[in-house]
Amino acid sequence: MACTLHVAWDERLTGYDFGPGHPLAPVRVELTIALAEAFGVLAEPGVTVAAPAAASTAELELVHDPRYITAVRTGVADVAFGLGTPDNPVFAGMHEASALVAGATLAAAAAVWESRAQHGVSVAGGLHHAMRGMASGFCVYNDPAIAIRWLLGQGAERIAYVDVDVHHGDGVEAAFWDDPRVLTISLHEHPMTLFPGTGVPEDNGGPGAQGMAVNVALPAGTGDAGWLRAFDAVVPPLLRAFRPQVLVTQHGCDSHRLDPLAHLELSIDAQRTAQARLHHLAHETAAGHWVLTGGGGYELVHVVPRTWTHLLAEAAGRPLDPGAATPGAWRDFVRARTGARPPETMTEGAAASFSPFSSGYDPGDRVDRTIMATRNADFPLHGLLPSP
Ligand SMILES: [Zn+2]
Ligand SMILES: [Zn+2]
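Thresholds, definitions, all that
- Residues numbered from 1 in each chain as written.
- Chains lettered and ligands numbered in written order.
- Predicted model: local features only at pLDDT ≥ 70, side-chain atom pairs only at ≥ 80, totals over all residues.
- Heavy atoms only, no water.
- Helix = DSSP H or I, 4+ residues; strand = E, 2+ residues; numbered from the N terminus.
- Rg over C-alpha atoms; globule rule 2.2 N^0.38 Å.
- Buried < 20%, exposed > 50% of the residue type's maximum accessible area, 1.4 Å probe, protein only.
- Contact = heavy atoms within 4.5 Å.
- Areas by Shrake-Rupley, 256 points an atom, 1.4 Å probe, with all protein chains shown as cover.
- Lys, Arg positive; Asp, Glu negative; His and termini not counted.
- Charge placed at Lys NZ, Arg CZ, Asp CG, Glu CD.
- Donors = N, O, S within 2.8 Å, 3.2 Å for Na, K, Ca; no water.
- Tetrahedral: all angles 85-135°; square planar, octahedral: opposite > 155°, others 65-115°.
- Pairing = 2+ DSSP bridges.
- Axes fitted to C-alpha atoms, helices over the stretch in contact; angles between N-to-C directions.
- Core = buried A, V, L, I, M, F, W, Y, C linked by side-chain atoms within 4.5 Å.

Visitor: Would you mind going over the overall build of the chain in detail, with residue names and values included?
Guide: For the chain, the helix and strand inventory stands at eleven helices and eight strands. Against the 2.2 N^0.38 benchmark of 21 Å for 388 residues, the chain shows a C-alpha radius of gyration of 19 Å, consistent with a compact globule. Overall, the C-alpha framework of the chain stretches about 50 × 50 × 40 Å when taken along its three principal axes. Buried positions account for 60% of the 388 residues belonging to the chain. Sequence-distant contacts, at least 24 apart, represent 77% of the contacts inside the chain between residues at least 6 apart. Carbon and sulfur atoms make up 54% of the accessible area of the chain, which totals about 13600 Å². A distance of 3 Å separates the average location of the 24 positive side-chain charges in the chain from that of its 41 negative side-chain charges.

Visitor: How would you summarise the coordination of the zinc ion (ligand 2) if you had to cite specific residues and measurements?
Guide: Protein coordination of the zinc ion (ligand 2) is provided by Asp165 (OD), His167 (ND1) and Asp254 (OD), with donor distances spanning 1.9 to 2.1 Å. Linear spacing of the donor residues for the zinc ion (ligand 2) on their chain is D-x1-H-x86-D. Within this pair, whereas His167 is found in the loop between β4 (159-163) and α6 (170-175), its partner Asp254 is found in the loop between β7 (246-250) and α8 (268-286), the two being separated by 87 residues in sequence. In terms of burial, His167 and Asp254 fall into one category: buried.

Visitor: Before we move on, can you summarise unusual backbone geometry with the specific residues and values?
Guide: Residues Phe195 and Pro196 are joined by a peptide bond in cis, for which omega reads 0°. Looking at the element boundaries, Pro196 is found in the loop between β5 (182-189) and β6 (213-218). A positive phi angle, near 50°, is found at Ala352, a position not held by glycine. With respect to the secondary-structure elements, Ala352 resides in the loop between α10 (328-338) and α11 (366-378).

Visitor: Explain the coordination of the zinc ion (ligand 1) to me, using residue names and the numbers behind them.
Guide: Put simply, a metal with four donors set out as a tetrahedron has ideal angles of 109.5 degrees, and one with six donors set out as an octahedron has ideal angles of 90 or 180 degrees. Protein-derived ligands of the zinc ion (ligand 1) are Cys3 (SG), His119 (NE2), His279 (NE2) and His283 (NE2), with the metal-ligand distances lying across 2.0 to 2.2 Å. Between the four donor atoms coordinating the zinc ion (ligand 1), the angles at the centre fall across 102 to 120°, so the site counts as tetrahedral. Spacing between the donor residues of the zinc ion (ligand 1) along the chain follows C-x115-H-x159-H-x3-H. Of this pair, Cys3 sits in the segment before β1 (5-8) while His279 sits in helix α8, and the two are 276 residues apart along the sequence. The pair formed by Cys3 and His279 is uniform in burial state, with each residue classed as buried.

Visitor: Can you break down the sheet that holds β5 residue by residue, with the values?
Guide: Strand order in this open sheet of eight strands is β2-β1-β3-β8-β7-β4-β5-β6, and the pairing throughout is parallel. Both edges of this open sheet fall to β2 (47-50) and β6, since each of them pairs with a single strand only. Here the strands of the sheet are splayed against their neighbours by 15° on average, with no regard to which way each runs. Pairing between β7 and strand β8 (residues 290-293): four bridges, direction parallel. Bridged to Val248 within β8 is Val291. Sitting on the sheet, helix α5 (residues 143-153) is in contact with β4, β5, β7 and β8, with an inclination near 170° to β4. Sheet strands touched by helix α7 (residues 224-242): β4, β5, β6 and β7. Its angle to β5, the strand with the most contacts, is close to 180°.

Visitor: Please give an account of the nonpolar core that cites residues and values.
Guide: Grouped together as the largest cluster of nonpolar side chains are 124 residues, with contacts concentrated most on Tyr16, Tyr141, Ile148, Leu183, Ile185, Trp227 and Val235. A per-element tally of this core places helix α4 (residues 94-113) first, with 13 residues. Residues within four places of Val235 in sequence aside, it is in contact with Val162, Ile185, Leu187, Leu278 and Leu281.

Visitor: Which residues make up the pairing of β1, and what values do they have?
Guide: Both faces of β1 are covered, namely the face carrying Leu5 and Val7 and the face carrying His6 and Ala8. The pairing of β1 with β2 spans four bridges and is parallel. Counterpart to Ala8 in the pairing with β2 is Ala50.

Dropping the structure here:
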């Protein structure tokens, strides 16, 4: 089905740049947009592209402490605010670049809420680690949380946030820890082996909101079949039970086996499968109201551009043939821009198949124990049975 999609994009978004050698290199979004353009995704009927405005101070204050915003604006290294650390070095124009990222995700959310498009996407967004008063994990302003709080302010009563980044979506979870209007679901590598060291199933929400913070903490080494089995066992039942008015999704692609910062073993084909599932669930459970962001992803040439080009095409309702060759002009651009050898097709040839949890719980399997821990912690609070 073709869908209407608002793409909040401006080349100035590549100004969110912590400098040479930092893993979050803006070339990843540059190569993504170039690949999507080479496939004609952004020129499809029903797709609109517009430059967003930066988030205002009042909008940033929906989530962030005014003193922290002042510190970012001043650009002074202060570890009390998480600024000037190896993860979050201060850079010139940091406030303006970070506010523009937040503005892009707000623009995507506004397009959806105001019914100008069914879906809205902010590929430079997804900075899910930023806390109320602190930068964290390459994230200055928490654009998904700001957009969700804006939607609540517009009158939304139930919003679901699904985060498939390999890292726990801790900042978004923290922002809505006590808020029963927001269901957060994060699938991530177990905190024992990965930053930020949080996100166990037993941490499931504050008073009055228990079961609203859902954590799937997957063992290092989990591959396509296990990850997709866990996704399928947790995400669709909860979204069907919660019936959000808006689905917000964060699509960090650092779950890929080539990602240098983490230890899951997914393929692009599995990531694409999850994108398609979330798209379908947005229509099935949220009347098609779908706000999407990028997120982490540190393999800049082979993983991020293809994964998020698939995401943009999926959100336009015109998924790309995974077997398609990457356009020659894009390959030339990659060589010129990075010196790296570009990927030649849009697939890695992975089957991206899995057997569903409903086929039976295997207590000897680490992924199944993970699934069961999450379902035990949260499913009864949503009127669902934990057992398959
Ligand atoms: Zn759609
Ligand atoms: Zn990440």
